[in-house]
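Descriptive analysis of the structure
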Amino acid sequence: RIMLTLPLYRPVSFAPRITCPVLMVSAIRDSLISQASIDKTASKIKDVKLERLDVRHFDVYIGDWFNRVVKLEADFLRRNLIK
């Protein structure tokens, strides 16, 4: 069922409607999602912080990269939720 909807899934078409701050973490060496589509989506969001990491798609889920991403997320949440 997911395979039928996946080709029609285009997050970039919804990006201009986002009104809250957004953190996007991009894996530069990602083989699943192109950097061009990430950049295009980010460009359509009014308040976006795009972090580019020199990793592959799944590298951020383990080890030092995981800790780095968690820090990015925590810092982002502190800046945007604690006011």
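Report follows, based on the coordinates. Just so it is clear, the structure is predicted and the values come from calculations on it, not from any experiment.

Parameters and conventions
- Residues numbered from 1 in each chain as written.
- Predicted model: local features only at pLDDT ≥ 70, side-chain atom pairs only at ≥ 80, totals over all residues.
- Heavy atoms only, no water.
- Helix = DSSP H or I, 4+ residues; strand = E, 2+ residues; numbered from the N terminus.
- Contact = heavy atoms within 4.5 Å.
- Salt bridge = Lys/Arg side-chain N within 4 Å of Asp/Glu carboxyl O.
- Phe/Tyr/Trp six-rings, centres within 6.5 Å; stacked < 30°, edge-to-face > 60°.
- Buried < 20%, exposed > 50% of the residue type's maximum accessible area, 1.4 Å probe, protein only.
- Pairing = 2+ DSSP bridges.
- Right-handed = clockwise from strand over helix to strand, strands pointing away.

With that out of the way, let us pick up the environment of Leu32. Looking at the element boundaries, Leu32 is found in the loop between strand 1 (22-27) and helix 2 (35-43). Sequence separation between Leu32 and Lys46 is 14 residues; the distance between their C-alpha atoms is 25 Å. Not counting the four nearest positions on each side in its chain, Leu32 is found in contact with His57 and Phe58.

Once that is clear, we can look at the pattern of salt bridges. Under the criterion given, the structure shown has six salt bridges. The partner of Asp54 in a salt bridge is Arg29, and the shortest N-O contact between them spans 3.1 Å. One end of the pair, Asp54, is in the loop between strand 2 (48-53) and helix 3 (63-81); the other, Arg29, is in the loop between strand 1 and helix 2, with 25 residues separating them in the sequence. Asp75 is the partner of Lys71 in a salt bridge, and the nearest nitrogen-oxygen pair spans 2.8 Å.

For the rest of this paragraph, the subject is the packing of aromatic side chains. Scanning all chains against the criterion turns up one aromatic pair. Centre to centre, the rings of Phe58 and Tyr61 are 6.3 Å apart; their planes meet at 40°, and the pair counts as tilted. Its relative accessible area of 56% is what places Phe58 among the exposed residues. Look at Tyr61 and you get exposed, because its relative accessible area is 54%.

With that out of the way, let us pick up the pairing of strand 1. In this sheet, strand 2 lies alongside strand 1 in parallel orientation, the contact comprising six bridges. Bridge assignment links Ala27 to a residue of strand 2, and that residue is Leu53. On the question of chirality, the crossover connecting strand 1 to the parallel strand 2 by way of helix 2 is right-handed.

When you line up the elements, Thr41 lands in helix 2. In contact with Thr41, not counting residues within four places along its chain, are Val12, Ala15 and Met24.

These figures come from the coordinates and say nothing about function on their own.
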